[in-house]
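Secondary and tertiary structure notes
So you can see what is in the structure, the chains are spelled out below.
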Amino acid sequence: VDGAQQVKRLHPDALLLFVVPPSRKEQERRLRGRGDPGDKVLARLKKAEVEEPIGRQLADHIVVNDDLDATMDEMLELIDAARAA
């Protein structure tokens, strides 16, 4: 979120995509599944609760990362559309 704020300040016309997990429960499952320690998982989830509303407000588009291939396709479509505009 901090980086997005800096980018938007320096480049107001930048396209900002905010990628979110389908749910907080799924985010936790993914973090634990990759082997993150429990305290780190809890810290990341807590930080997400604070940063997500800010990211949603900053973003030009919100993309739900439910399926990696579909998420990538959606992001590429949004980027292509912005470039064509």
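Structure shown above.
Every value quoted in this text rests on a predicted model; they were computed, and no experiment measured them.

1. Looking at a negative patch on the surface
A surface patch of negative charge is lined by Asp-66, Asp-67, Asp-69, Asp-73, Glu-74, Glu-77 and Asp-80. Structurally, Glu-77 is set in helix H4 (residues 68–84).

2. What to know about H4
Because the α-helix completes a turn every 3.6 residues, residues three or four places apart line up on one side. For H4, which comprises 17 residues, the first-to-last C-alpha distance of 24 Å matches the rise-based estimate of 24 Å (1.5 Å per residue) to within 8%. Buried within H4 are the following residues: Thr-71, Met-75 and Leu-78. Along the axis of H4, the buried residues cluster in a sector spanning 60°; they form a single face. Those residues of H4 that are exposed and angled more than 90 degrees off the buried face are Asp-69, Glu-77, Arg-83 and Ala-84. Taken together, the buried residues of H4 touch strand E1 (17–20) and strand E2 (61–64).

Criteria and cut-off values
Residues numbered from 1 in each chain as written. Predicted model: local features only at pLDDT ≥ 70, side-chain atom pairs only at ≥ 80, totals over all residues. Heavy atoms only, no water. Patch = residues over 30% accessible without salt bridge, like charges linked within 9 Å, V, L, I, M, F, W, Y side chains within 5 Å. Areas by Shrake-Rupley, 256 points an atom, 1.4 Å probe, with all protein chains shown as cover. Salt bridge = Lys/Arg side-chain N within 4 Å of Asp/Glu carboxyl O. Lys, Arg positive; Asp, Glu negative; His and termini not counted. Charge placed at Lys NZ, Arg CZ, Asp CG, Glu CD. Helix = DSSP H or I, 4+ residues; strand = E, 2+ residues; numbered from the N terminus. Expected span 1.5 Å × (residues − 1). Buried < 20%, exposed > 50% of the residue type's maximum accessible area, 1.4 Å probe, protein only. Arc of directions from axis to C-beta. Contact = heavy atoms within 4.5 Å.

Everything listed is a geometric property; what it means functionally is a separate question.
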